[in-house]
Amino acid sequence: MNAAAQAMYEQLRTKLGRVLPDFELRRKAELAVEIEEWKRRRNAVILAHNYMEPALFYSVSDFRGDSLDLSRKAATTDRDVIVFCGVRFMAETAKILNPSKTVLIPSPRAGCSLAESITAEDIRQLRTRFPGIPVVSYINTYAEVKAESDLCCTSSNAAAVVESLHAPTVIFVPDRYLAMNVARETGRHIIFPSRTPVQDPENLLDVQMIGWDGRCEVHERFTVEDIQNARRQFPDVVVLAHPECKPEVVAAADFSGSTNAMIRYVAEHPAPRYLLLTECAMGDNVAAAHPDRELVRLCSIRCPHMNEITMEDTLEALRQMRYEVDVPEPIRSRARRAVERMLTIG
Ligand code: 13P
Ligand code: SF4
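Being a predicted model, the structure only gives us computed values, none of them experimental.

**What to know about the site of ligand 1**
In the vicinity of ligand 1, the contacting residues are His-49, Tyr-51, Asp-66, Ser-67, Asn-140, Ser-155, His-219, His-242, Glu-244, Ser-258 and Thr-259. In this structure, Ser-155 approaches ligand 1 through a side-chain N or O atom, which is 2.7 Å from an oxygen atom. Side-chain polar atom of Glu-244 to an oxygen atom of ligand 1: 2.9 Å apart, as the coordinates give it. Contact with the protein chains removes 96% of the 300 Å² of surface that ligand 1 exposes when unbound. Here the shell around ligand 1 is built from residues that sort into one nonpolar, eight polar and two charged.

In structure tokens, the structure reads:
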């Protein structure tokens, strides 16, 4: 092991020595040093979502965060190349905000069940059915869908974005459960036209939100029964749920918020132990950041799309300048309006 790898190994051991075996730390340290070298050669920055595996998260990433945070970081970087260690819609958002930069994603297979649940044509049809009603699309959508939307939101700001419109009714796509959670938080009545036929727009008098039927394949798996079982097993556990969970799960939890909000909650609210109802790598990252806190660990609830992003592929992305994410004009400029409008709201 050379001096740079040894220093990287020490850095990783300090952070992850309690959660990863030594042989893994050594292997990852050598990889991380190679990635750092290629980052310098390419004048690149690495943005990593909170769901990245711990060794990647705590070694080569320049910025870490939730979707909102990373969109903001992507908007301000001065490097030539952005490597997005996250899923495709996130990398697309970076490209939407930085058309002159090269944006790479380490795996072409890093999709998202929410982003795949809706198309631009779906939005056009919704607009025809419900004329004049503004469309808010979750950031977990592809650029074509953003381009058809008035405004984007993330799990950090969804309620604020909906309220910022001061509109009697808002179309909110594509996450069914996030929409229901926002409706509950803002006191709005929501319908899902795919399930409730709406013949006459007059019938919308009592409706303040119109949703879509997309779901996150990871968060939809959590149930109220899971929470009850966890509370029986660990009576002092504090349960945190991502707002992509079903509303009854969010209601049974002690706190709900974006991945950044959950991380902040653990940092700011000392408790005997926590259960994070979200993608499981994040629990590992939070546990590493707080050696003094107990986390009830989930090992099987891994997002298959986030799991596509490895340190090995990140290295190859920089070496081979692959896989480049492109968003054609004028889709990009229309999508940019919706994303930037969101960034001004917070
Ligand atoms: P956050 O914006 O809360 O990080 O969520 C992104 C995501 O894909 C959650 O599944
Ligand atoms: Fe998409 Fe769910 Fe994976 Fe997040 S956890 S990227 S919402 S499939």
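**Let's talk about unusual backbone geometry**
Glycine aside, residues mostly have negative phi, and peptide bonds are mostly found in the trans state. In this structure, Pro-174 follows Val-173 across a cis peptide bond, with omega equal to -5°. Among the structural elements, Pro-174 can be located in the loop between strand E7 (170-173) and helix H9 (176-186). Residue Pro-330 is reached from Glu-329 by a cis peptide bond, and omega for that bond is 0°. Position of Pro-330 among the secondary structure elements: in the loop between helix H14 (311-320) and helix H15 (331-345). With a phi angle near 50°, His-166 is a residue other than glycine that sits in the positive phi range. By the secondary structure assignment, His-166 is in the loop between helix H8 (158-164) and E7. The exposure class of His-166 is exposed, given its relative accessible area of 71%. The phi dihedral of Met-321 falls on the positive side, at around 50°, and the residue is not glycine. Tracing the sequence through the fold places Met-321 in the loop between H14 and H15.

**Some details on the side chain of Arg-302**
Counting through the fold element by element, Arg-302 comes out in the loop between strand E13 (294-296) and H14. The class for Arg-302 is buried, based on a relative accessible area of 18%. A polar atom in the side chain of Arg-302 sits 3.2 Å from the side chain of Asn-307. Apart from residues lying up to four places away in sequence, Arg-302 is in contact with Tyr-51, Glu-53, Val-218, Glu-279, Cys-280, Ala-281 and Asn-307.

**Some thoughts on the nonpolar core**
Counting residues in hydrophobic clusters, the biggest one holds 113 residues, and the most contacted among them are Phe-172 and Leu-277. No other element matches helix H2 (residues 22-42), which puts seven residues into this core. The contacts of Phe-172, once residues within four sequence positions are left out, are Val-136, Cys-153, Ala-158, Val-162, Leu-178, Ala-179, Val-182, Met-209, Ile-210, Gly-211 and Trp-212. Counting 13 residues, the second-largest nonpolar core is a separate cluster that includes Leu-126, Val-135, Ile-191 and Ile-210.

**Overview of H2**
Between the first and last C-alpha of H2 there are 30 Å, a value that for 21 residues agrees with the 30 Å anticipated at 1.5 Å per step. Listing the buried residues of H2 in full gives Glu-24, Leu-25, Lys-28, Ala-29, Leu-31, Ala-32, Val-33, Ile-35, Glu-36, Trp-38 and Lys-39. Packing partners of the buried residues in H2 comprise helix H1 (3-16), strand E1 (44-49), helix H3 (54-57) and H14.

**A look at the site of ligand 2**
Tyr-51, Cys-112, Ser-113, Leu-114, Asn-140, Cys-216, Val-218, Glu-244, Cys-303, His-305 and Met-306 make up every residue found near ligand 2. Along the lines of polarity and charge, the residues of the shell around ligand 2 split into seven nonpolar, three polar and one charged.

**Concerning the pairing of strand E5 (residues 135-138)**
By the alternation rule, side chains of E5 split into Val-135 and Ser-137 and Val-136 and Tyr-138, which are all buried. Pairing analysis gives three bridges linking E5 to E7, with the strands arranged parallel. Bridge pairing in E7 places Val-135 opposite Ile-171.

About the thresholds
- Residues numbered from 1 in each chain as written.
- Chains lettered and ligands numbered in written order.
- Predicted model: local features only at pLDDT ≥ 70, side-chain atom pairs only at ≥ 80, totals over all residues.
- Heavy atoms only, no water.
- Near = heavy atom within 4 Å.
- Polar contact = N/O pair within 3.5 Å; in protein donor to acceptor, adjacent residues only side chain to side chain.
- Areas by Shrake-Rupley, 256 points an atom, 1.4 Å probe, with all protein chains shown as cover.
- Nonpolar A, V, L, I, M, F, W, Y, C, P; charged D, E, K, R; others polar.
- Helix = DSSP H or I, 4+ residues; strand = E, 2+ residues; numbered from the N terminus.
- Buried < 20%, exposed > 50% of the residue type's maximum accessible area, 1.4 Å probe, protein only.
- Contact = heavy atoms within 4.5 Å.
- Core = buried A, V, L, I, M, F, W, Y, C linked by side-chain atoms within 4.5 Å.
- Expected span 1.5 Å × (residues − 1).
- Pairing = 2+ DSSP bridges.

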